[in-house]
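Residues per chain are reported as follows:
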There are 2 protein chains.
Amino acid sequence: MQEFIKVAVDAMGGDHAPDEIIKGAVEAIKLRKDIQVLLVGQQEILEEKLRACSYPEEQLKVVQASEVIETAEAPVAAIRTKKDSSIVVGMKLVKNGEADAFVSAGSSGAVLVGGQVLVGRIKGVERPPLAPLIPTEKGVSLLIDCGANVDARPSHLVQFAKMGSIYMEHVMGIANPRVAIVNIGAEEEKGNALVKETFPLLKACGDIHFIGSIEAREIPHGGADVIVCEAFVGNVILKLYEGVGAVLVSKIKAGMMSSLRSKIGALLVKPALKQTLKSFDASEYGGAPLLGLKGLVVKTHGSSKAKEVRNSIIQCVTFQEQHINDKIKENILREDG
Amino acid sequence: MQEFIKVAVDAMGGDHAPDEIIKGAVEAIKLRKDIQVLLVGQQEILEEKLRACSYPEEQLKVVQASEVIETAEAPVAAIRTKKDSSIVVGMKLVKNGEADAFVSAGSSGAVLVGGQVLVGRIKGVERPPLAPLIPTEKGVSLLIDCGANVDARPSHLVQFAKMGSIYMEHVMGIANPRVAIVNIGAEEEKGNALVKETFPLLKACGDIHFIGSIEAREIPHGGADVIVCEAFVGNVILKLYEGVGAVLVSKIKAGMMSSLRSKIGALLVKPALKQTLKSFDASEYGGAPLLGLKGLVVKTHGSSKAKEVRNSIIQCVTFQEQHINDKIKENILREDG
């Protein structure tokens, strides 16, 4: 059955596991004949729940993992001790070549640590960045890095820029993606020590389309396709996006419910607004790949429902088909040589 | 005339200078009998424009400054060479005790440099932070620092926390303000090197109400009153707030105009929405004080119109009345002793 792209899925991770994970997996294999999902988790529970679903059976297998890593657990210790957890078992499937990719909505820390320790980095990659797609006025941008690599060095950021470019070009289909570094002003001499050191290195990179600094204000306007920053800043950007969006939408809803007149208006604008807000919802775009590993690991939001799980599984196909890891390997080795 | 609180105002700075600045100054003195505005800029132009306004004359004086510092100029050089610019002249009025405060919508860089070089720091203050108020679901929070102090040290952040607490308590009237440090997780062991070093120092501070880490997602929800971070992160937060808000509002407007049904609804919800969005508009809250100087310097947004200028001038009164600088001095000296 080598024609399948095999995606291991953590059935036990996330706020809505296992029901929404199973639902997303079943939706994915119904949409794509070329995917086989390896659903990793407590076999008895999963098989019981699967009995209620109808799906092409050769495209879905259950892989037993008796333990679950909780979000509150210390990542390194959890990966080391819970050898039969869905995250460790799923990652090992990728490491051993039994799966092409692993998708998890579970503990971010455990996924990041597990990716490095169990799946392992591509030779030459210094640090694997976590790179979610964020919605913009014009479409989406890749925010790289939002992972656990705090206190990054300039050489890390240069690799992030290269890996991000490859991803946006070949997975998202954006020709010659614009790369920018997050900064506090547009001028080259602005910035903190890290940005000032990284800027000329990015400028000297022949294989990316570097357009300079980007101020945070321009990110939602779609000012660049690949937004390079170190993980602390990336984490702030990603979470603030969520927070400001949520508060603004809830304020608008409350505003609309404040008078009879506006309540009637709200009924009329609701369908149009729903469509608008959907286009600004990160869950439309699947999960965040952890780039630079010897296999694909995708982290989806802890609150993921079936749709995001389905989209994340399907995303793995393009990643495989476009041989992203071969392209990263080539690019990093070329740099080393 | 010593009963006046004297506020020097940069009449030449900002996108809408001098017209909106003059308008804001006139509005402020009409609202408060205890303010005298010293309008700093090109005398002939200002006097010409003032002839069209009616206002209590003893409350407004024009102070001549022939030069203007442009936003694109390098701040340090501009402050050094343009000795007769509105920023340099205004700052010197504060330094010489001829004005209690200086408000400018001009070049951020020049205001930050000028504040340090011309007005000078309070003894013991290591770095003066720029601290804007940002709107939240519940009201406003103080974001400290958004200035030019990149690559800050832990001791700077501790001083920011103290000065921010004093400001929120005595200018904004929030009893026992909650202080939090921006971090990438809620746990004490999370964060980059700067945050990990600063956290225990804040915890040990007797004179602030430290509640721990705050993730960026919780900032718009009003998770803390004083949001401590170094300037690079603060700048990203402030500008992303603006950017996400602007894009979301423009998307919502476009969505409402997408069908006849929603257009009719939009007419009905418009007044209620306007009210809602106003409460999430930073310009409602005046400018950002540059804290820790021997006098008050307030930076308002470059795009400020009369309302923000007026609010920023009035804000200076509370700052003086509450003897904020004496409180900062006391607090910092106590720490040193």
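Quick caveat: nothing in here was measured; it's all calculated off a predicted structure.

Caption draft 1: Looking closely at the overall build of chain A. What chain A contains, in helices and strands, is 11 helices and 11 strands. Taking 2.2 N^0.38 as the reference for a compact globule, 337 residues should give roughly 20 Å; the C-alpha atoms of chain A span a radius of gyration of 21 Å, in line with that estimate. Across its three principal axes, chain A shows a C-alpha extent of roughly 70 × 60 × 35 Å. Here chain A holds 337 residues, and the buried ones make up 57% of them. Here chain A has roughly 13,700 Å² of accessible surface; of this, 52% comes from carbon and sulfur atoms. Of the side-chain charges in chain A, 40 are positive and 41 negative, and the distance between the mean point of each set is 4 Å.

Caption draft 2: Representation of the relation of the copies chain B and chain A in the model. Screw-axis analysis of chain B against chain A gives a translation of 0.0 Å along the axis, an RMSD of 0.0 Å, and a rotation angle of 180°. As the rotation angle and translation indicate, the two copies are arranged about a two-fold axis. In terms of C-alpha distance to the rotation axis, chain B has Gly265(B) as its closest residue, with the C-alpha 1.9 Å off the axis.

Caption draft 3: Local environment of the side chain of Ser213(A). Turning to its location among the elements, Ser213(A) is positioned in strand S8 (residues 209-214). Ser213(A) has contacts with Ala180(A), Ile181(A), Asn183(A), Gly185(A), Ala186(A), Glu187(A) and Phe199(A), leaving out every residue within four places of it along the chain.

Caption draft 4: Representation of the pattern of salt bridges within the structure. Counted by the stated rule, this structure contains 22 salt bridges over all chains. Residue Arg32(A) pairs with Asp34(A) through a salt bridge whose shortest N-O separation is 2.8 Å. Taking the relative accessible area as the measure of exposure, Arg32(A) reaches 27% and is therefore partly exposed. Residue Glu73(B) pairs with Lys82(B) through a salt bridge whose shortest N-O separation is 2.7 Å. Residue classification places Glu73(B) among the partly exposed residues on the basis of a relative accessible area of 24%. Judged by relative accessible area, Lys82(B) falls into the buried class, the value being 18%. Look at the salt bridges and you will find they share partners, linking Arg32(A), Asp34(A) and Glu321(A) into a network.

Caption draft 5: Inspection of the sheet that holds strand S3 (residues 60-64) of chain B at higher detail. All names here are of chain B. Here 6 strands make up an open sheet; going across it, the order is S3-S2-S1-S4-S11-S10 and the pairing mixed. Each edge of the open sheet is held by one strand with a lone partner, namely S3 and strand S10 (288-290). Averaged over all adjacent pairs, the angle separating strand axes in this sheet is 25°, with direction ignored. Of the strand pairs in this sheet, strand S4 (residues 101-104) and strand S11 (residues 296-299) are connected by 4 bridges, and their pairing is parallel. Residue pairing for S11: Phe102 is matched across the bridge by Val297.

Caption draft 6: A look at helix H1 (residues 19-31) of chain A. Residues and elements named next belong to chain A. Taking 1.5 Å per residue, 13 residues should reach 18 Å; H1 reaches 19 Å between its end C-alpha atoms and fits that length. Every buried residue belonging to H1 is among Glu20, Ile21, Ile22, Gly24, Ala25, Val26, Ala28 and Ile29, and all of these are buried. Contact partners of the buried residues in H1: strand S1 (5-10), strand S2 (35-41), helix H2 (43-50), strand S3 (60-64) and helix H10 (306-321).

Caption draft 7: Seen up close, the confidence of the model for chain A. The predicted model of chain A averages 91 in pLDDT, with 98% of residues at 70 or higher. Interface predicted TM-score (ipTM) for the complex: 0.91; the corresponding pTM is 0.92.

Caption draft 8: Just the interface of chain B and chain A, in detail. Every contact between the two is made by 54 residues of chain B and, on the other side, 54 residues of chain A. A buried area of about 4,900 Å², summed over both sides, lies between chain B and chain A, and 75% of it is on carbon and sulfur atoms. At the boundary of chain B and chain A, one finds 4 salt bridges. With a shortest N-O distance of 2.2 Å, Glu215(A) and Lys239(B) are connected by a salt bridge. Seen at the junction of chain B and chain A, the total is 14 residue pairs in polar contact (both at pLDDT 80 or more). Of all elements in the fold, only helix H7 (193-203), helix H8 (231-256) and helix H9 (260-278) of chain B reach the threshold of two or more residues within the side of chain B that touches chain A. Tallying contributions element by element places H8(B) first for the side of chain B that touches chain A, with 21 residues. Partitioned by chemical class, the residues of the side of chain B that touches chain A number 31 nonpolar, 15 polar and 8 charged.

Caption draft 9: Summary view of the packing of helix H6 (residues 154-170) of chain B against H7(B). Residues and elements named next belong to chain B. Direction vectors running N to C along H6 and H7 enclose 50°, while the axes themselves pass 9 Å from each other. In terms of their interaxial angle, H6 and H7 are classed as oblique. Seen from above, H6 lies across H7 with right-handed handedness. Seen from H6, the contacting residues are Pro154, Leu157, Val158 and Ala161; seen from H7, they are Leu194, Glu197, Thr198, Leu201 and Leu202.

Each value, and the rule that gives it
- Residues numbered from 1 in each chain as written.
- Chains lettered and ligands numbered in written order.
- Predicted model: local features only at pLDDT ≥ 70, side-chain atom pairs only at ≥ 80, totals over all residues.
- Heavy atoms only, no water.
- Helix = DSSP H or I, 4+ residues; strand = E, 2+ residues; numbered from the N terminus.
- Rg over C-alpha atoms; globule rule 2.2 N^0.38 Å.
- Buried < 20%, exposed > 50% of the residue type's maximum accessible area, 1.4 Å probe, protein only.
- Areas by Shrake-Rupley, 256 points an atom, 1.4 Å probe, with all protein chains shown as cover.
- Lys, Arg positive; Asp, Glu negative; His and termini not counted.
- Charge placed at Lys NZ, Arg CZ, Asp CG, Glu CD.
- Least-squares fit on C-alpha atoms with pLDDT ≥ 70 in both.
- Contact = heavy atoms within 4.5 Å.
- Salt bridge = Lys/Arg side-chain N within 4 Å of Asp/Glu carboxyl O.
- Pairing = 2+ DSSP bridges.
- Axes fitted to C-alpha atoms, helices over the stretch in contact; angles between N-to-C directions.
- Expected span 1.5 Å × (residues − 1).
- pLDDT = per-residue confidence, 0-100.
- Buried area = accessible area lost by both parts, 1.4 Å probe.
- Polar contact = N/O pair within 3.5 Å; in protein donor to acceptor, adjacent residues only side chain to side chain.
- Nonpolar A, V, L, I, M, F, W, Y, C, P; charged D, E, K, R; others polar.
- Parallel < 35°, antiparallel > 145°, perpendicular 65-115°, else oblique.
- Left-handed = near helix turned anticlockwise from the far one by under 90°.

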